[in-house]
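Descriptive structure summary
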Amino acid sequence: MLSAVDERRWLLPSPLGGDGPAEGAGAADPDLPAELLALLRRRGLVTAEAVRRLLDPEAAPDPEAHFPGLPLAVERLVRSCQGAEVVAICGDYDADGMTSTALLVGVLQRLGARPQAAIPSRMAEGYGLNAAMVERLAAEGVRLLITVDNGVAAIEALERAAALEVEVILTDHHTLPPQLPPHLALLHPAVTPEGSPYRGLAGVGLAHVLATALCRRLRHRHGLEIALNLFCIGTIADMAPLEGVNRRWLLDGLPLLGRSPLPGLQALQQLAGLEKHRVDAEAVGFQLAPRINAVGRLGDPQLVVDLLTTEDPERALELARSCEALNRQRRELCSAIEAEALALLEADGPHRPAFLLLAQGHWHHGVIGIVASRLVERFGRPVALLAGEGGGRLRASVRAPKGFAVDAALTACADLLERHGGHPAAGGFTVRAENVAALQERLDALAGRWLEAAGEGRPVEPEALLRLERIDREFWHQLQRLAPFGIGHPTPLFWSSRCQVVERKLLRGGHLQLQLAQGEARLRAIGWRWQGPDQWTGPVDVAYRLRRDDWQGVERFQLELEAIRCSGGDSVVLQRRDRTYWCRRQGDSLVIRNAAGEELRSAIPPGGADASDPEAPAHPYVQGLMREAAMALGMVEG
């Protein structure tokens, strides 16, 4: 079987200054461990105020002061609720679009309107509102339409709506066109003032703004709770940036999910095995969101809307089981396509192109993006998987490692494509079969230049050194104060130096399980779908994310492995400017020798070299050199 690139490029963080947290960041919360304060400083949170805002974000400001179209939208919906009007909610088939649709349907039906979901088919219609949908809804008597997670680019559809006298409230977070199509009111992050905390909202966040404003106008508290529940699910599933009001509302809403009044969410949690556990961002992202997303990829999105809006627990459990079945099918399809993709790469021989482009007509459009992401993780290169679309065309999902801009690459190939779109990390396109060879050649040239500059091997970038003995319930509690984690504030990647592999076991499914020891501490480590080496001689350095689970009612911590390397021993060579230094560990002391053979010896305390220590070298250059050497040898947290 074709193996992945075994060598990972370890990029350790730059040492921090030895004068303590800048501007009193430590004083902002003296209970935070030094390792977490170091991590926050590396993320740019260097002031007491910045740390405070992370731990306790400010309440959301009045949305009417940030969204000019909100008052008009609310006034129109008040009339709909008071008159029991039919209102169409036009969403999208991803988790953001489905939860946005369910949020507005669930709230409006409790406020007296008669909402109905209208989500296009992924396979037959593609993304977004279209003119045929508008005509069908108008023929059914719909006179008000709300788009969620789409709409600003649906020019033909909205012009048709205007011609048919159908009013449209647009809520969308995708790029605004130069000239907006006809609409009654618009809610979009880009229309908020510069620096607004609403700038990072996904589609479900905008639906939440609209629904909560309406609930407050009509004094309906139950709708507020429903809106907050579904905001949390959709925001995490869509990987929206966890800043501004997104972070504030997640901190408010996540603790409530375990006792949600929505039977559909309770049923999903039950089937995911979460009914007895606290539902946090990780549980949403890895347990609930995939079950919702699977429906949009393989089934009818109406299933999710029905699940999240029903008030009947038995009906909810039946619908949740349908989601569960589609999720199993999704996993099976992904495994089969991944196996085929790896076989195609193996058949091409040992040389791998810089851009991996693979095509099979029978692959399922709904899941090829997931498999492309897996291949990026495995090989550290951009990947496009193409599936047949009919008429001599293929449709692709593209994913790429950090640093390679998918959107720019597709724009550079626009003359070969029927259509394309995306952002730096992901995108998609449609291409005629006769253009595939030329497309692959051009993409490979673009990726080759990027790979030459970036270097071979996938980078691993730990943020803070952590000794295994530091991992306990108290450290976990302090780490959770930094949660939720996501885009813009990822789950911390720690590293531990010079650990002993006490036990190793390969598990079914290609997972690697280790028992690691460092001093008196022992911890379990797991490498999911492990592709690197599985045997080492001597001590190892490990990069990992910290996880907690309750196995048979017993709390335990484990390391979720990102990378392992053999420890560099007790010596390293550092190159600083035009000077070379030979650095070695000697017990708890650090010895640094220059090219002239002169040696500097100093004891390194757990926090690193400290300028306040009377025995510490006085010169800032030497202090920095000591910190850098101590970090490279795993002697300080940095």
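Scope of this entry: the structure provided in the associated data block. (Residues numbered from 1 in each chain as written. Predicted model: local features only at pLDDT ≥ 70, side-chain atom pairs only at ≥ 80, totals over all residues. Heavy atoms only, no water.)

1. Describing helix α18 (residues 473-480)
Within α18, the full set of buried residues consists of F475, W476, Q478 and L479. The arc enclosing the buried residues of α18, seen along the axis, measures out at 165 degrees, which places them on a common side. Two to three positions downstream of the cap, the backbone nitrogen of E474 sits 3.2 Å from a side-chain oxygen, assigning the N-cap of α18 to D472. (Buried < 20%, exposed > 50% of the residue type's maximum accessible area, 1.4 Å probe, protein only. Helix = DSSP H or I, 4+ residues; strand = E, 2+ residues; numbered from the N terminus. Arc of directions from axis to C-beta. Polar contact = N/O pair within 3.5 Å; in protein donor to acceptor, adjacent residues only side chain to side chain.)

2. So, the sheet that holds strand β4 (residues 144-148)
An order of β3-β2-β4-β5-β6 is seen for the five strands of this open sheet, with the pairing classed as parallel. Strands at the two margins of the open sheet, each flanked by one partner only, are β3 (114-118) and β6 (185-187). In this sheet, neighbouring strand axes are inclined to one another by 20 degrees on average, regardless of whether the strands run parallel or antiparallel. Of the strand pairs in this sheet, strand β2 (residues 86-90) and β3 are connected by five bridges, and their pairing is parallel. Paired with C90 across the two strands is A118, which belongs to β3. Strands in contact with helix α5 (residues 95-110) are β2, β3 and β4; relative to β4, the strand with the most contacts, it is inclined by about 140 degrees. (Pairing = 2+ DSSP bridges. Axes fitted to C-alpha atoms, helices over the stretch in contact; angles between N-to-C directions. Contact = heavy atoms within 4.5 Å.)

3. Some points on the packing of aromatic side chains
Overall, the coordinates contain nine aromatic pairs when judged by the stated rule. Summarising the aromatic geometry, the rings of F404 and W450 are spaced 5.7 Å apart at their centres and angled 75 degrees between planes, so their arrangement reads as edge-to-face. Here the residue F404 occupies a position in the loop between β9 (393-399) and α16 (406-412), and W450 occupies one in helix α17 (residues 436-454), the gap between them amounting to 46 residues. The exposure class assigned to W450 is buried, which follows from its relative accessible area of 18%. Relative to F557, the ring of W476 lies with its centre 5.9 Å away and its plane at 50 degrees, an arrangement referred to as tilted. Linking W476 in helix α18 with F557 in strand β18 (residues 554-566), this pair joins segments that are 81 residues apart in sequence. With respect to burial, W476 and F557 carry one shared label: buried. Put simply, the rings of F67, Y198, F231 and W249 touch in pairs and so form one group of aromatic residues. Seen from the ring of W10, R565 lies directly overhead, with NZ or CZ sitting 4.4 Å from the centre. (Phe/Tyr/Trp six-rings, centres within 6.5 Å; stacked < 30°, edge-to-face > 60°. Lys NZ or Arg CZ within 6 Å of the ring centre and 35° of its normal.)

4. Some words on the pattern of salt bridges
Counted according to the given criterion, the structure contains 29 salt bridges. The closest approach of N and O atoms between E311 and R110, which form a salt bridge, is 3.9 Å. Of this pair, E311 sits in the loop between α13 (302-309) and α14 (313-347) while R110 sits in helix α5, and the two are 201 residues apart along the sequence. A relative accessible area of 17% places R110 in the buried class. Taking the shortest distance from any N to any O, the salt bridge between R548 and E555 comes out at 3.4 Å. We classify R548 as partly exposed; its relative accessible area is 38%. (Salt bridge = Lys/Arg side-chain N within 4 Å of Asp/Glu carboxyl O.)

5. Let's talk about the side chain of D96
Mapped onto the elements, D96 comes out in helix α5. A relative accessible area of 0% places D96 in the buried class. Dropping the residues within four chain positions of it, D96 is found in contact with D149, H173, A202, G203, V204 and D238.

6. Things to note about α14
Under the 1.5 Å per step criterion, the end-to-end length of α14 is 51 Å for 35 residues, consistent within 8% with the ideal 51 Å. Count one or two residues on from α14 and you reach G349, which has phi positive near 95 degrees. (Expected span 1.5 Å × (residues − 1).)

7. Details of unusual backbone geometry
Residue A483 is joined to P484 through a cis peptide bond whose omega torsion reads 0 degrees. Note on placement: P484 falls in the loop between α18 and β14 (494-507). Its identity as a non-glycine residue notwithstanding, D149 has a phi of 65 degrees, on the positive side. By secondary structure assignment, the location of D149 is in the loop between β4 and α7 (155-163). One non-glycine residue with positive phi stands out, namely R219, at about 55 degrees. Relative to the helices and strands, R219 is located in the loop between α8 (203-218) and α9 (221-237).

8. What to know about the packing of helix α12 (residues 281-298) against α14
The contact between α12 and α14 brings their axes to 8 Å, and the two run at 75 degrees. The angle between the axes of α12 and α14 places the two elements in the roughly perpendicular class. Of the residues in α14, those touching α12 at P290, R291, A294, V295 and L298 are C323, E324, L326, N327, Q329, R330 and L333. Here the contact of α12 with α14 is built from residues that sort into seven nonpolar, two polar and three charged. (Parallel < 35°, antiparallel > 145°, perpendicular 65-115°, else oblique. Nonpolar A, V, L, I, M, F, W, Y, C, P; charged D, E, K, R; others polar.)

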